[in-house]
Amino acid sequence: MTTDPRRAVPRTDAVLAEPQVAAAVARLGRDLVKAAVQAAQQRVRGGELAPDDVVPAVLAGLPGTAGSLHPVLNATGVLVHTNLGRAPLSAAAVEAVAAASGTTDVELDLRTGRRGPRGEGALSALLAAVPAAEAALVVNNCAAALALVATALGGELVIARGELVEIGDGFRIPDLLVSSGARLREVGTTNRVSLADYTDALGPDTGAVLKVHPSNFVVRGFTRSADVAELAPALAGTGVPLVADVGSGLLRPHPLLPDEPDLQTTLAAGADLVLSSGDKLLGGPQAGIVLGRADLVQRLRRHPLYRALRVDKTTLAALEATLRGPVPPVRRMLDADLGGLQARADALAEVLRAAGVAATAVPATARVGGGGAPEFELPSAAVAVPLAFAEPLRAASTPVVGYAAGDRTLLDLRSLAPEDDERLAAMVLEVARRWT
Ligand SMILES: *Cc1c(COP(=O)(O)O)cnc(C)c1O
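Rules used in this analysis
Residues numbered from 1 in each chain as written. Predicted model: local features only at pLDDT ≥ 70, side-chain atom pairs only at ≥ 80, totals over all residues. Heavy atoms only, no water. UniProt positions renumbered as here; feature names shortened; annotations may be inferred. Domains from an automatic or database assignment. Near = heavy atom within 4 Å. Polar contact = N/O pair within 3.5 Å; in protein donor to acceptor, adjacent residues only side chain to side chain. Areas by Shrake-Rupley, 256 points an atom, 1.4 Å probe, with all protein chains shown as cover. Helix = DSSP H or I, 4+ residues; strand = E, 2+ residues; numbered from the N terminus. Nonpolar A, V, L, I, M, F, W, Y, C, P; charged D, E, K, R; others polar. Pairing = 2+ DSSP bridges. Axes fitted to C-alpha atoms, helices over the stretch in contact; angles between N-to-C directions. Expected span 1.5 Å × (residues − 1). Buried < 20%, exposed > 50% of the residue type's maximum accessible area, 1.4 Å probe, protein only. Arc of directions from axis to C-beta. Contact = heavy atoms within 4.5 Å. Core = buried A, V, L, I, M, F, W, Y, C linked by side-chain atoms within 4.5 Å. Right-handed = clockwise from strand over helix to strand, strands pointing away. Phe/Tyr/Trp six-rings, centres within 6.5 Å; stacked < 30°, edge-to-face > 60°. Lys NZ or Arg CZ within 6 Å of the ring centre and 35° of its normal.

In the annotation of an unreviewed UniProt entry, the entry for the protein reads L-seryl-tRNA(Sec) selenium transferase, and the organism field reads Modestobacter marinus. The UniProt entry for the protein carries this comment under Pathway (unreviewed entry): "Aminoacyl-tRNA biosynthesis; selenocysteinyl-tRNA(Sec) biosynthesis; selenocysteinyl-tRNA(Sec) from L-seryl-tRNA(Sec) (bacterial route): step 1/1." Database annotation for the protein, UniProt heading Subcellular location (unreviewed entry): "Cytoplasm".

Following this line, the structure appears as structure tokens:
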């Protein structure tokens, strides 16, 4: 009989050869599984784990996927949360991504066997959703769309001083435009700009007039701006295109968000090109949407930089399914009625109380978030749990992110799909169990 625990440590090769472990290698790759084996061996050496329990310990220690991004339950009440990946994709979009992930006909016409137009399905879905557009283009994000416009239309870009926006994380649209080689011709003041400010600034070098929607701030008081409907007739006949970055990607006006510009209305009002994100209120994948005049879209598509900004097959698939499929989650969250949210909060609080957790249903205030409408408050409902739950909830097997309010952690249900309520309850119970 041996007394040295090291001699009882199962060999790496032997553990890796166990059928269930070998299956995990096939699924996750050798390196990740080997790391779990080594962690289990270490525990045997330390006397914490019996040698016979190594295989189950390895299996329990494996990550769910070969990637390190986890699904997270967004109970922040912020519908479009940039740190949580912005818009969650609809089930239809997730299926479309899975279908397009392998070899796919993204650029092949299966009837003729020849090269076909790339991503035609997504482009025609965009044109169907925004009939005022003659042509469409999809790039990596709205910042990429701005960079492409600045590079391809170039020269001098006329932009109001009040629209020199910092998007977030230190990124500033004027810096982005200048880094593309364009020159900025700033007009007006921080709070006011007139139509004449724009027209006086036009010259032989003007590449475009650019409108940028202030999606994350509001200027109030003695203000004035020139909107697209005012600018378009003044620019008609000058040959200078009017480009509007609307930000959020609403296809049509939304009754709750009268101050958010939408793609269709902005084009119909006379913009030559409109730009937006795909993963804000549009509710789709990260993308930059460009819609408008066919000749301008063609100029962008033909510019060498486009090749560096174009999106992959999975983005095209997700975007098309978002546009053609069922209402995406972000829109369902925005439109969810308060009574339904309260009923969900009541039901969840009851389940949690029955299991001995101090939980109550409380009124809450949700927000659109990174997607726009900076001051708009959405009435919502939340489940309040003890403040100390916040950190362990973020470490739960499916992490949950809520927010602190006074001496409680609030879990807002507007930013969470109803299908996820059960999992939310399970995670709160997982945390509560660890404490009792
Ligand atoms: C969010 C936003 C952007 C940046 O969009 P990304 O898709 O994140 O690159 C640009 N302009 C406006 C007005 C925005 O709201």
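**Looking at the domain arrangement of the protein**
Segmenting the protein into domains produces domain 1 (5–61), domain 2 (73–83 + 331–434) and domain 3 (91–326). Put simply, the middle of domain 1 and the middle of domain 2, counted by C-alpha atoms, are 38 Å apart.

**Looking at the site of the ligand**
Contacts to the ligand come from R86, N141, C142, A143, I167, I173, H213, S215, D245, G247, S277 and K280. A distance of 2.9 Å separates an oxygen atom of the ligand from a polar atom in the side chain of R86. Separating an oxygen atom of the ligand from a side-chain N or O atom of K280 is a distance of 2.7 Å. Burial of the ligand by the surrounding chains reaches 92%, relative to a free accessible area of 390 Å². Looking at the shell around the ligand, the elements that each hand over two or more residues are α7 (142–153) and β11 (242–247). Of the residues belonging to the shell around the ligand, the class tally is four nonpolar, five polar and three charged.

**A look at the sheet that holds strand β12 (residues 273–277)**
Pairing within the open sheet is mixed, and its seven strands lie in the order β5-β13-β12-β11-β10-β6-β9. If you trace the sheet from one side to the other, it starts and ends with β5 (135–139) and β9 (183–187), each paired once. Averaged over all pairs of adjacent strands, the angle between strand axes in this sheet comes to 25 degrees, irrespective of strand direction. Sheet topology places strand β6 (residues 156–160) next to strand β10 (residues 206–212); four bridges connect them, and they run parallel. From the neighbouring strand, V158 faces β10, where its bridge partner is V209.

**Concerning helix α3 (residues 30–45)**
With 16 residues, α3 should cover 22 Å at 1.5 Å per step; its first-to-last C-alpha distance of 22 Å lies within 8% of that length. Every buried residue of α3 is accounted for by V33, A36, V37, A40, Q41 and V44. Down the axis of α3, the buried set is contained in an arc of 140 degrees. They therefore lie on one face. Contact partners of the buried residues in α3: α1 (12–17), α2 (19–28) and α4 (54–60). Two residues or fewer after α3 comes G47, characterised by a positive phi angle close to 80 degrees.

**Things to note about the UniProt feature "modified residue: N6-(pyridoxal phosphate)lysine" (unreviewed entry) in the protein**
Look at the UniProt record and you will see "modified residue: N6-(pyridoxal phosphate)lysine" (unreviewed entry) annotated at K280. Along the chain, K280 turns up in the loop between β12 and β13 (288–292). Residue classification places K280 among the buried positions, given a relative accessible area of 7%.

**Topic: unusual backbone geometry**
At R86, a position not held by glycine, the phi torsion is positive, near 55 degrees. Tracing the backbone shows R86 in the loop between β2 (78–80) and α5 (91–100). Here A373, not a glycine, exhibits a phi torsion of approximately 50 degrees, which is positive. A relative accessible area of 10% places A373 in the buried class.

**A closer look at the nonpolar core**
If you look at the biggest cluster of nonpolar residues, it comprises 37 residues, and the most contacted ones within it are L126, Y198, V209, L291 and L319. Broken down by element, this core gets its largest block of residues, five residues, from helix α6 (residues 120–129). Once residues lying within four places of it in the same chain are set aside, the contact partners of V209 are V158, Y198, L202, L231, L235, V240, P241, L242 and V243. Listed in part, the 30 residues of the second largest apolar core include A135, A182, A208 and L300.

**Points about the pairing of β12**
Burial runs high along β12: five of the five residues are buried. Of the two faces of β12, the one carrying L273, L275 and S277 and the one carrying V274 and S276 are both buried. In this sheet, β12 lies alongside β11 in parallel orientation, the contact comprising four bridges. Directly across from D245, in β12, lies its bridge partner L275. For the segment spanning β11, helix α11 (residues 263–268) and β12, crossover handedness is right-handed. Pairing geometry for β12 and β13, over five bridges, is antiparallel. Counterpart to S277 in the pairing with β13 is G288.

**Examining α7**
Note that an α-helix has 3.6 residues per turn; residues three or four places apart therefore point the same way. The terminal C-alpha atoms of α7 lie 16 Å apart, and with 12 residues this matches the ideal 16 Å at 1.5 Å per residue to within 8%. Counting buried positions along α7 gives 10 out of 12 residues, so the element sits mostly inside the fold. What α7 keeps buried is the set C142, A144, A145, L146, A147, L148, V149, A150, A152 and L153. Once α7 finishes, G154 follows within two positions and takes phi at roughly 45 degrees, a positive value.

**Some remarks on the environment of R86**
Measuring from C-alpha to C-alpha, the distance between R86 and G370 comes to 7.6 Å, with 284 residues separating the pair along the chain. Setting aside residues no more than four positions away along its own chain, R86 makes contact with V80, H81, S277, D279 and K280. Side-chain polar atoms of R86 contact the side chain of T82, separated by 3.3 Å.

**Quick notes on the packing of aromatic side chains**
Going through the model one piece at a time under the given rule, you end up with zero aromatic pairs. R192 extends its terminal NZ or CZ atom over the ring of F222, reaching a point 3.9 Å from the ring centre.

**Brief notes about the side chain of T315**
Structurally, T315 is set in helix α14 (residues 313–324). Each residue touching T315, except ones within four places of it in the same chain, is listed here: P285, Q286 and A287.

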